[in-house]
Amino acid sequence: MTTRALTDPQALRDLIESRLFAFPKRHFLASQDLDPPDILALLDLADAFVDLNRQTTKKLDILKGRTQVNLFFENSTRTMSSFELAGKRLGADTVNMNPRTSSVAKGETLIDTAVTLNAMKPDLLVVRHSASGAAELLAQKVGCSVVNAGDGQHQHPTQALLDMLSIRRAFGHVDSLTVAICGDVGHSRVARSNVILLNAMGANVRLVGPPTLIPSDADQWGVEVYHDMREGIAGVDVVMMLRLQLERMDGAFIPSAREYFRFYGLDREKLSVASPNVRVMHPGPMNRGVEIDSEIADDLSVSLIQDQVEMGVAARMAVLASLAARLEA
Ligand code: NCD
């Protein structure tokens, strides 16, 4: 792990070169596919990319000649631009596609699109889809490497990686930290990916939320479950807030946004029971005043939310570079 930014361009390139490794799998689909040594290697590589991204000249040619297609069936600004920048900074030709999903024939549309795209010979396909399992299905149909940029309520592994990078840079380590993931866990692929990755790296994970938003099988996730926010965040090192995924709710999961904020919204008063060094995270987009108070979100002495966006580009560069290194092997 870098403790001090490298500013000499050649030394930085040498460092990146020395940390490049061939990812052991063809695809990057889910947190459970990552073993601790791979996670550490990705984090170390991402640390070097953070240094690169802070330089005036950010471009490398690790993906020169490669074609990266970002196939986003769901709306996304931050994740798609993060992957696009990551690919471009590594020298890939990147293309963004936002096909419209037909709600009647999603499966058919996905496979049709996959087969068509495959004929264009991309090397890396980054996919986001509203159906759980979509990335894996697509991976079975194409000849290139697939990166899951979020599939339904299932997985969002690059988000978990960038979150871990943000945590490790803030605390210097991940093991033995207590992380409370709060809010709409039930509809959240971010929560599922983070629980697996944090557990793999030795953190203690708590889930905090109303019973309607905590999955019924959460007791088998290797976490502690709390329904009272103050109890759940008492003494924790990290509070990771989740967006209320209203678009995935097909019924009344909360009485009202106001009521929700009263019990589960993160404000200064609730946060006061956490560790004095607590850091607050949110994957974005935030519903300010619903799950998090702006005063906390914008307080740079506790909020890692802007760091998460910065770490997102570096973490995705690490994933794309290591997948491409395997393609070459
Ligand atoms: C997350 C997602 O799409 O799963 N956002 C993101 O990747 N920027 C979380 C969310 O939508 O709430």
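Residues numbered from 1 in each chain as written. Predicted model: local features only at pLDDT ≥ 70, side-chain atom pairs only at ≥ 80, totals over all residues. Heavy atoms only, no water.

## Focus: the overall build of the protein
Within the protein, the secondary structure is distributed over twelve helices and nine strands. Here the C-alpha atoms of the protein give a radius of gyration of 19 Å, agreeing with the 20 Å that 2.2 N^0.38 yields for 329 residues. Counting only C-alpha atoms, the protein reaches 55 × 50 × 30 Å along its principal axes. Partitioning the contacts of the protein with sequence separation of at least 6, the portion at a separation of at least 24 is 75%. Seen as two clouds, the 34 positive and the 40 negative side-chain charges of the protein have centres 5 Å apart. (Helix = DSSP H or I, 4+ residues; strand = E, 2+ residues; numbered from the N terminus. Rg over C-alpha atoms; globule rule 2.2 N^0.38 Å. Contact = heavy atoms within 4.5 Å. Lys, Arg positive; Asp, Glu negative; His and termini not counted. Charge placed at Lys NZ, Arg CZ, Asp CG, Glu CD.)

## Examining the pattern of salt bridges
A full pass over the atoms with the stated rule returns 13 salt bridges. The salt bridge partner of Asp47 is Arg169, with a shortest N-O separation of 2.4 Å. Of this pair, Asp47 sits in helix α2 (residues 36-53) while Arg169 sits in helix α6 (residues 157-171), and the two are 122 residues apart along the sequence. We note a salt bridge from Arg54 to Glu310, for which the minimum N-O separation is 2.7 Å. Note that Arg54 is positioned in the loop between α2 and β1 (67-72) and Glu310 in helix α12 (residues 305-328), a separation of 256 residues in sequence. Salt bridges linked by common partners bring Asp44, Asp47, Arg168 and Arg169 together as one network. (Salt bridge = Lys/Arg side-chain N within 4 Å of Asp/Glu carboxyl O.)

## Notes on helix α9 (residues 257-264)
Among the residues making up α9, those that are buried are Tyr260, Phe261 and Tyr264. Each buried residue of α9 lies within a common arc of 100° when the element is viewed along its axis, so the set occupies one face. Of the residues in α9, the exposed ones pointing more than 90 degrees away from the buried face are Arg258 and Arg262. The elements touched by buried residues of α9 are α8 (229-233), β8 (238-241) and α10 (268-271). (Buried < 20%, exposed > 50% of the residue type's maximum accessible area, 1.4 Å probe, protein only. Arc of directions from axis to C-beta.)

## Quick look at the nonpolar core
In terms of nonpolar packing, the biggest core is built from 68 residues, with Leu42, Phe49, Ile181, Leu198 and Leu207 touching the most fellow members. Tallying contributions element by element places α12 first for this core, with eleven residues. Excluding anything up to four places from it in sequence, Leu42 contacts Phe21, Phe23, Phe28, Leu34, Leu161, Ala318, Val319 and Ser322. Core analysis: the next-biggest nonpolar cluster, separate from the first, contains 26 residues, Val208, Met229, Leu271 and Ile296 among them. (Core = buried A, V, L, I, M, F, W, Y, C linked by side-chain atoms within 4.5 Å.)

## Quick notes on the site of the ligand
Residues in close proximity to the ligand include Arg78, Thr79, Arg128, His156, Gln159, Arg189, Val190, Arg243, Gln245, Pro283 and Gly284, which together make up its full environment. In this structure, an oxygen atom belonging to the ligand sits 3.1 Å away from a side-chain N or O atom of Arg128. Interatomic distance of 2.9 Å between a backbone N/O atom of Gly284 and a nitrogen atom of the ligand. In isolation the ligand offers 310 Å² of accessible surface; the protein chains occlude 95% of this area. Among the elements of the structure, α3 (78-89) and α7 (189-200) are those that each provide at least two residues to the shell around the ligand. Here the residues of the shell around the ligand are counted per class, giving two nonpolar, five polar and four charged. (Near = heavy atom within 4 Å. Polar contact = N/O pair within 3.5 Å; in protein donor to acceptor, adjacent residues only side chain to side chain. Areas by Shrake-Rupley, 256 points an atom, 1.4 Å probe, with all protein chains shown as cover. Nonpolar A, V, L, I, M, F, W, Y, C, P; charged D, E, K, R; others polar.)

## Considerations on the sheet that holds strand β5 (residues 178-182)
The pairing of strands in a sheet comes from backbone hydrogen bonds and takes either a parallel or an antiparallel form. Spatial ordering of the open sheet is given by β7-β6-β5-β8-β9, a layout of five strands whose pairing is parallel. Both edges of this open sheet fall to β7 (224-226) and β9 (279-281), since each of them pairs with a single strand only. Averaged over all pairs of adjacent strands, the angle between their axes in this sheet comes to 20°, without regard to strand direction. Pairing of β5 with strand β6 (residues 204-208) involves five bridges; the strand directions are parallel. Of the residues in β6, the one forming a bridge with Val179 is Val205. Each of β8 and β9 is contacted by α6, which is oriented at about 165° to β9, the strand it contacts most. (Pairing = 2+ DSSP bridges. Axes fitted to C-alpha atoms, helices over the stretch in contact; angles between N-to-C directions.)

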